[in-house]
Amino acid sequence: NDTHNNQIKFIEHTATQTHAITRRYEIMAKLRTAIGGGELQIALQPKLNLQTQKTIGFEALARWKLTNGRFISPDEFIEIAETSGLICELGSVILDKVLTVIKCLQRNGVNLPVAYNVSSYELMEPSYFEKVANKIKQENIPPSLLEIEVTETQEVCNYTLIKASLEKFMALGIKVSIDDFGTGYSSLAHITELPANTIKIDKFFVIDLQNNINNQFIIEMVITLAKRFNLQVIAEGIENEFEYNWLKNKGCTVGQGYYFAKPLFIEDLIVWLKQHINENN
Ligand code: C2E
Ligand code: MG
Ligand code: MG
Ligand code: MG
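Quick summary incoming for the structure in this document. The model shown is predicted, which means the values in this text are computed figures rather than measured ones. (Residues numbered from 1 in each chain as written. Chains lettered and ligands numbered in written order. Predicted model: local features only at pLDDT ≥ 70, side-chain atom pairs only at ≥ 80, totals over all residues. Heavy atoms only, no water.)

So, about the coordination of the magnesium ion (ligand 3). Coordination of the magnesium ion (ligand 3) by the protein involves Asp180 (OD), Asp202 (OD) and Glu236 (OE), with metal-donor separations of 2.0 to 2.4 Å. In primary sequence terms, the donor set of the magnesium ion (ligand 3) follows D-x21-D-x33-E. The class for Glu236 is buried, based on a relative accessible area of 10%. (Donors = N, O, S within 2.8 Å, 3.2 Å for Na, K, Ca; no water. Buried < 20%, exposed > 50% of the residue type's maximum accessible area, 1.4 Å probe, protein only.)

A separate point is the nonpolar core. Counting 82 residues, the largest nonpolar core has Leu105, Tyr116, Leu146 and Leu247 as the members making the most contacts within it. The greatest single-element share of this core, amounting to 10 residues, is contributed by helix H3 (residues 87-107). (Core = buried A, V, L, I, M, F, W, Y, C linked by side-chain atoms within 4.5 Å. Helix = DSSP H or I, 4+ residues; strand = E, 2+ residues; numbered from the N terminus.)

We now examine the environment of Trp272. Relative to the assigned elements, Trp272 resides in helix H11 (residues 266-279). On the basis of relative accessible area, Trp272 is assigned to the buried category, the value being 14%. Taking the C-alpha atoms as reference points, Trp272 and Ala261, 11 residues apart in sequence, are found 8.5 Å from one another. Beyond its immediate sequence surroundings of up to four residues, Trp272 is in contact with Pro46, Leu48, Thr55, Phe260, Ala261 and Leu264. (Contact = heavy atoms within 4.5 Å.)

Before going further, it helps to spend a moment on the packing of aromatic side chains. Describing an aromatic ring pair means giving the distance of the ring centres and the angle of the ring planes. Using the criterion set out here, one finds seven aromatic pairs in the structure. With 5.4 Å between their ring centres and 90° between their planes, Trp64 and Phe77 make a pair best called edge-to-face. On the criterion of sequence distance, the pair formed by Trp64 in strand E2 (residues 55-65) and Phe77 in helix H2 (residues 74-83) is long-range, its members being 13 residues apart. Accessibility expressed as a relative area gives 0% for Trp64, which makes it buried. (Phe/Tyr/Trp six-rings, centres within 6.5 Å; stacked < 30°, edge-to-face > 60°.)

Further remarks concern the site of ligand 1. The environment of ligand 1 is formed by 22 residues, the closest being Arg63, Asn117, Asp179, Glu239 and Tyr258. Side-chain polar atom of Asn117 to an oxygen atom of ligand 1: 2.9 Å apart, as the coordinates give it. Notes on ligand 1: free accessible area 800 Å², of which the protein chains cover 90%. Of all elements in the fold, only E2, H2, strand E4 (114-119) and strand E6 (175-181) reach the threshold of two or more residues within the shell around ligand 1. With four residues, E2 is the single largest residue contributor to the shell around ligand 1. When its residues are assigned to classes, the shell around ligand 1 shows nine nonpolar, five polar and eight charged. (Near = heavy atom within 4 Å. Polar contact = N/O pair within 3.5 Å; in protein donor to acceptor, adjacent residues only side chain to side chain. Areas by Shrake-Rupley, 256 points an atom, 1.4 Å probe, with all protein chains shown as cover. Nonpolar A, V, L, I, M, F, W, Y, C, P; charged D, E, K, R; others polar.)

What follows deals with helix H1 (residues 2-36). An ideal rise of 1.5 Å per residue puts 51 Å on 35 residues; H1 measures up with 52 Å between its terminal C-alpha atoms. When H1 is considered as a whole, its buried residues turn out to be Ile27, Met28, Leu31, Ala34 and Ile35. Against the buried residues of H1 lie strand E1 (40-49), E2, strand E3 (71-72), H2 and H3. Gly38 lies just past H1 and shows a positive phi near 75°. (Expected span 1.5 Å × (residues − 1).)

Scanning the entire structure with this criterion turns up 10 salt bridges. A salt bridge links Lys200 to Glu236, with the shortest nitrogen-to-oxygen separation between them at 3.7 Å. Note that Lys200 is positioned in strand E7 (residues 198-201) and Glu236 in the loop between strand E8 (232-235) and helix H10 (241-249), a separation of 36 residues in sequence. As far as the burial class goes, Lys200 and Glu236 line up, both buried. (Salt bridge = Lys/Arg side-chain N within 4 Å of Asp/Glu carboxyl O.)

Below, the discussion takes up unusual backbone geometry. In this structure, Asp180 is a non-glycine residue whose phi angle is positive, near 55°. Examined against the element boundaries, Asp180 turns out to sit in strand E6. Phi is positive for Asn230, close to 60°, though the residue is something other than glycine. With respect to the helices, strands and loops of the structure, Asn230 is situated in the loop between helix H9 (213-228) and E8.

This part is about the packing of H1 against H2. Direction vectors running N to C along H1 and H2 enclose 80°, while the axes themselves pass 10 Å from each other. The pairing of H1 with H2 is recorded here as roughly perpendicular in orientation. Only Glu76, Phe77, Glu79, Ile80, Ala81 and Thr83 of H2 make contact with H1, whose side of the interface consists of Arg23, Arg24, Ile27, Met28 and Leu31. For the contact of H1 with H2, the residue count by class is six nonpolar, one polar and four charged. (Axes fitted to C-alpha atoms, helices over the stretch in contact; angles between N-to-C directions. Parallel < 35°, antiparallel > 145°, perpendicular 65-115°, else oblique.)

What follows deals with H9. The end-to-end C-alpha distance of H9, which contains 16 residues, comes to 23 Å, matching closely the 22 Å that a straight helix rising 1.5 Å per residue would cover. Turning to H9, its buried residues are Asn215, Gln216, Ile219, Val222, Ile223 and Ala226. Buried positions in H9, seen along its axis, are confined to an arc of 125° and lie on one side of it. Exposed residues lying more than 90 degrees from the buried face of H9 are Asn214, Phe217, Thr224 and Arg228. The secondary structure elements touched by the buried residues of H9 are E6, helix H7 (190-193), E7, helix H8 (203-206), E8 and H10. Near the N-terminus of H9, the side chain that reaches the backbone nitrogen of Asn214, with its oxygen 3.2 Å away, is that of Asn212. (Arc of directions from axis to C-beta.)

And the structure:
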């Protein structure tokens with residue numbers, strides 16, 4: 001009987017695995033066409049100075065709408081893009097959209113930086129920095145209006161290459177954030193090793209902050225560390241007033257989250273900005 005149950009478990013397990021693999025292949029195949037076919041978009045989430053509640057910049061986040069109208073989460077398709085060799089192409093499409101948004105904001109009188117997410121795979125590409133530098137030069141965009149956020153994706157990352165690349169970005173005046181600090185492969189060592197201006201506290205630590213004393217300790221430690229290393233701290237995933245006040249009082253200078261604004265497509269962002277500026281005046 002036990003053997004029989006184990007056999008059933010094995011078959012169920014295999015079925016789940018097969019399903020997951022099939023889904024990966026489907027996404028991979030669709031992603032290839034989506035990148036070339038204009039199915040990718042970016043949404044922009046405001047970053048606010050927590051003291052003044054003024055908007056100080058934006059984060060661009062990839063959005064992929066399938067032909068059936070549903071969105072797939074970037075957490076799912078970015079990882080697939082990274083492991084299937086599509087990430088550089090995807091990143092290049094996203095960067096073009098970011099530059100278009102920066103120019104659109106400028107036309108609307110908004111001269112604030114837009115940060116976009118760069119995969120460490122892209123940074124390890126030897127010509128990556130030159131590619132970005134050439135693009136912004138061509139488009140006549142000042143480096144101070146572009147920022148990058150870097151997430152560690154693999155233990156196989158080549159730190160020498162990543163460091164060299166980040167140093168070039170910083171030297172040109174493109175600010176660098178270490179994203180998802182404290183989770184995944186983003187280790188404590190990065191705070192001393194990687195050239196950066198900012199560390200971003202992952203939303204994992206912010207969500208349920210009110211009830212999670214351990215996460216409160218961790219965030220306080222990260223803020224202290226950041227100050228010690230002269231880095232700015234951004235908290236993401238601020239969803240309510242408690243989280244906002246708590247982070248502000250602990251000395252976190254910048255934040256983003258649904259409490260202020262969800263990631264918005266550019267047309268909606270322009271509307272939001274007009275309302276937000278009125279509210280603050
Ligand atoms: P991330 O860079 O850490 O981005 C923050 C994530 O938190 C975003 O998820 C954002 O929508 C979400 N978020 C912001 N405020 C709140 C909040 O108050 N509550 C909650 N629950 N979530 C909030 P999203 O857009 O699903 O992106 C997930 C991850 O995918 C990003 O995490 C980033 O690592 C990656 N990603 C997104 N776009 C790109 C891209 O263009 N290139 C690369 N390489 N990675 C990207
Ligand atoms: Mg990010
Ligand atoms: Mg994060
Ligand atoms: Mg991330």
